[in-house]
Every structure is written in C-alpha cells, then in structure tokens.
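Observations on chain architecture
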Amino acid sequence: MRELYPPREPYNSGYLKVSDLHTIHFEESGNPQGKPIVLLHGGPGGGCPPFYRQYFDPEKWRLIMFDQRGCGQSKPHAELQENTTWDLVNDIEKLREHLSIEQWVVFGGSWGSTLSLAYSQTHPDRCKGLILRGIFMLRQKEIRWFYQEGASYIFPDAWEEYVKPIPINERDDMLTAYYKRLTSPDAQIRLEAARAWSIWEASTSRLFPDFDLKQRFGTDVFAEAFARIECHYFINKGFLEPEDQLLLNVDRIRHIPAVIVQGRYDVVCPMMSAWELHRAWEEAEFIVVPDAGHSMSEPGIRSGLIEATDKFANC
Ligand code: STX
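Residues numbered from 1 in each chain as written. Predicted model: local features only at pLDDT ≥ 70, side-chain atom pairs only at ≥ 80, totals over all residues. Heavy atoms only, no water.

1. So, the packing of aromatic side chains
Filter applied, for reference: Put simply, two rings from Phe, Tyr or Trp (the six-membered ring, in Trp's case) pair if the centres are within 6.5 Å, and we call them stacked under 30 degrees between planes, edge-to-face over 60, tilted for the rest. Think of it this way: any DSSP run of H or I at least four residues long counts as a helix, any run of E at least two long counts as a strand, and we number them from the N terminus. Here the term buried applies to any residue with accessible area under 20% of the maximum for its type, exposed to any over 50%, and partly exposed to those in between, with areas from a 1.4 Å probe on protein chains only. Counting as a charge over the ring demands two things of the Lys NZ or Arg CZ atom: a distance within 6 Å of the ring centre and an angle within 35 degrees of the ring normal.
Under the defined criterion, the tally for this structure stands at 21 aromatic pairs. A ring pair is formed by Trp159 and Tyr162, whose centres lie 4.8 Å apart and whose planes are at 50 degrees; its orientation type is tilted. Taken together, the residues span about one helical turn, with Trp159 and Tyr162 both in helix H5 (residues 156-163) at a distance of three residues. For the pair Tyr162 and Tyr178, a centre-to-centre distance of 5.1 Å together with 15 degrees between the ring planes defines the contact as stacked. Here Tyr162 is found in helix H5, whereas its partner Tyr178 is found in helix H6 (residues 174-182), with 16 residues between them in sequence. Among the residues examined, Tyr162 registers a relative accessible area of 1% and is labelled buried. According to the relative accessible area criterion, Tyr178 is buried, its value standing at 0%. An aromatic cluster of at least three residues, connected via ring pairs, comprises Phe136, Phe146, Tyr147, Trp159, Tyr162, Tyr178, Trp197, Trp200 and Phe234. Directly above the ring of Tyr15 sits Lys75, whose terminal nitrogen or CZ lies 4.5 Å from the centroid.

2. Quick look at empty space enclosed by the protein
Empty space among the atoms becomes apparent when a probe as large as a water molecule is rolled across them. Under the convention used in this document: Using a grid of 1 Å spacing that covers the protein atoms alone, one calls a set of points a cavity when a 1.4 Å probe fits there but cannot get out, and a pocket when the set is open and has protein on both sides within 12 Å along at least five of seven lines; lining residues are those with an atom within 4 Å of a point. Grid points are joined across faces, edges and corners, and a volume is the space filled by probe spheres set on the points.
Taken as a whole, this structure holds one cavity of 30 Å³ or more when the rule is applied. Taken as a whole, the largest cavity holds about 80 Å³ of empty space. Put simply, the parts of the chain that give the lining of the largest cavity at least two residues each are helix H3 (140-147) and helix H9 (220-235). Of the residues forming the lining of the largest cavity, the biggest block, four residues, is contributed by H3.

3. Digging into the layout of surface pockets
Inclusion rule: Classes in brief: Ala, Val, Leu, Ile, Met, Phe, Trp, Tyr, Cys and Pro nonpolar; Asp, Glu, Lys and Arg charged; the others, Gly included, polar.
Considered as a void within the structure, the largest pocket measures approximately 510 Å³ in volume. Residue lining of the largest pocket: 30 residues in total, with Tyr52, Leu213, Arg216, Phe217 and Ser295 positioned closest to the centre. Examining the composition of the lining of the largest pocket, we find that four residues originate from one element, helix H8 (residues 211-217), more than from any other. Within the lining of the largest pocket, the residues separate by chemical class into eleven nonpolar, twelve polar and seven charged.

4. A closer look at the side chain of Arg190
Inclusion rule: Any two residues whose heavy atoms approach within 4.5 Å at even a single point are treated as in contact.
Assignment of secondary structure puts Arg190 in helix H7 (residues 187-204). Not counting chain neighbours up to four residues away, the residues in contact with Arg190 comprise Arg181, Leu182, Thr183, Ser184, Pro185, Glu224 and Arg228.

5. Comments concerning the pairing of strand S3 (residues 35-40)
We apply this condition: Strand pairing follows a simple DSSP-based rule, namely that at least 2 bridges must link the two strands.
Counting buried residues along S3, six of its six residues qualify, which places the element largely inside the surrounding structure. Here S3 shows no split at all, with Lys35, Ile37 and Leu39 on one side and Pro36, Val38 and Leu40 on the other all buried. Summarising the sheet, S3 and strand S4 (residues 61-66) pair through five bridges and their orientation is parallel. Residue pairing in the sheet places Ile37 in a bridge with Leu63 of S4.

In structure tokens, the structure reads:
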C-alpha cells in the first residue's frame, strides 16, 4: 500500500480574474521545473484541501490546484451566476495560459472526473495524460440513484437525515425541493438545507464511515458552497447535451494515456459508470479497488492514485 507524500506548502499562489464576476484562487506546489499536472476537485463546489498535494511526488511534479468558481478561496463564495461546466473548462484554459504551460496531465475524481472528461474532450491537445477516479458522468440515472432512490436502500439511516428538511409532499422530487431551499433568500433555510445535503454525501462516501468528514462537510461555509453549487449543476443536468455526451465523445481522447481508479463499493458514483466508460475506452487502464467506496482517502484508492501519479511522472 502506498502512503501519502509528506505535507508541503505551495511555492506560488494567487488569484486569477476569470470574468466580471468571478475570481479563482490557484496555487503551485512541488517542483517548479517538474512535469505540470492540474488537479480538478470534486463536488462541484468541494474546493481543494491542502492534503491533496500529498498524492504527488514533490520532486517530480509541478502541481497546480485551483478552487472552481464559487468555492474554496475563490470569490464570490457560493455564487451560481456564470457558473457552468463550460465556464470551468474555459477557466482551466485561462489558468494554463496564465502559467505558460503548453500541456499538462489532468487529475480528477468524482465531479473532477466529469470535468476532466469535459475539458480533455474540448482541448485534447493540451492533455498529456488523464488520471480519473470515482467516475461520474452526470447522467439522469446517476443523479437519481444518489439524490432520489437507490443509495437510500444502502444508507436508510443517513437518508432519514437527508430528507428531513423536505416536507413529505415534496419528496417525490428531492432535487427541485432542495434547489428551492438552497436558493432561498432566508439564510437559515439555506443553511439547514446545505448542511443536510452535504452531510448526506459525507455519510456515504466511504466503506467505513468517517466522523471527521461529516464534521468538515457540515460546517456552514463549506456546506453552503458545496450544496448550492452541486444542486445548481445537477438541476441543470451538468450543462451537458446530450446527457451522455462525455461517453459519446470518448473518441476525442482515446489516444491520451489514461488510468481509471474505481472503488467497487462506491455508493456516491456507483461503478456502473466507470464500467461503461471502460467499455467505451478499453485503451485506458482500469483499476477496481475491491474494498473501497468513493473517497480518495480510502487506503486502496489512495494507493492506486499514488501508483498512477508515480507512473505518469516517469513517462
Ligand atoms: N458529487 C460527487 C463529488 O464530486 C456528487 C464529490 N463527492 N465528494 C466530494 O466530491 C469531495 C470530497 C471532493 C467534496
């Protein structure tokens, strides 16, 4: 089993104005002369905690992390205007140009895998490799499974807490019911919904539950951005058209070296999606971790990801 690299500080960080409204926070860490790799975080709305740096050999990689529109240290916080998949794809290009990088490896898990597919299929020439985890293609069946019916059968206890803020007569469409509350002008209503939404995901992310994750996801600042931005993207079907466009456009990236790491017991992004991607893209290395759920910090997933970043650093 591979362990994390030691904690480190960035050697550069700053803000990049990407539109009249949005400014994103980015950082660089590791070796300034190393191979460039960009990390696309999950959610959307999850931001980049510092331990993400530890998946990358600091001698070999020049790691670029940034907080997507509206989350982490990006501003304005929890903003939904001008916040779409294609805005984020454009931001990634702006950041690449800002840092004078010709090509980079793209690393993304969960929503980060969705965004990695959207970005690489739009700008394949900029991508030297793809490291994807917990595949999520944001199709209706995936949204339905997690927010309406499916995951509820496996975590009925956590589900009870998730449905609590929603009156019984609105529970046949949880996404719409949550969206209404998450965009309410009343901060109390917004926050109650945001916490319940976020804790649902934290409660179901790992094979073995993690109390700390629930604590972090339940804080007001994190929950408000995470829940609002996720719900906004999901109610808008990820701004993807047709809904399976990421699967249909695999031909655009087929030639790019890639690895897919998937937990067998991922309840947030069930393995069916990773399997469908694998079937459509058999050139990509496919690794199933037999004893893990969704989280990148579970031992098998962590180890698989570090093996992948080490391998890509050496080729
Ligand atoms: N959302 C899946 C996702 O992208 C449906 C995700 N789940 N947890 C996370 O992201 C973080 C741990 C990155 C917040």
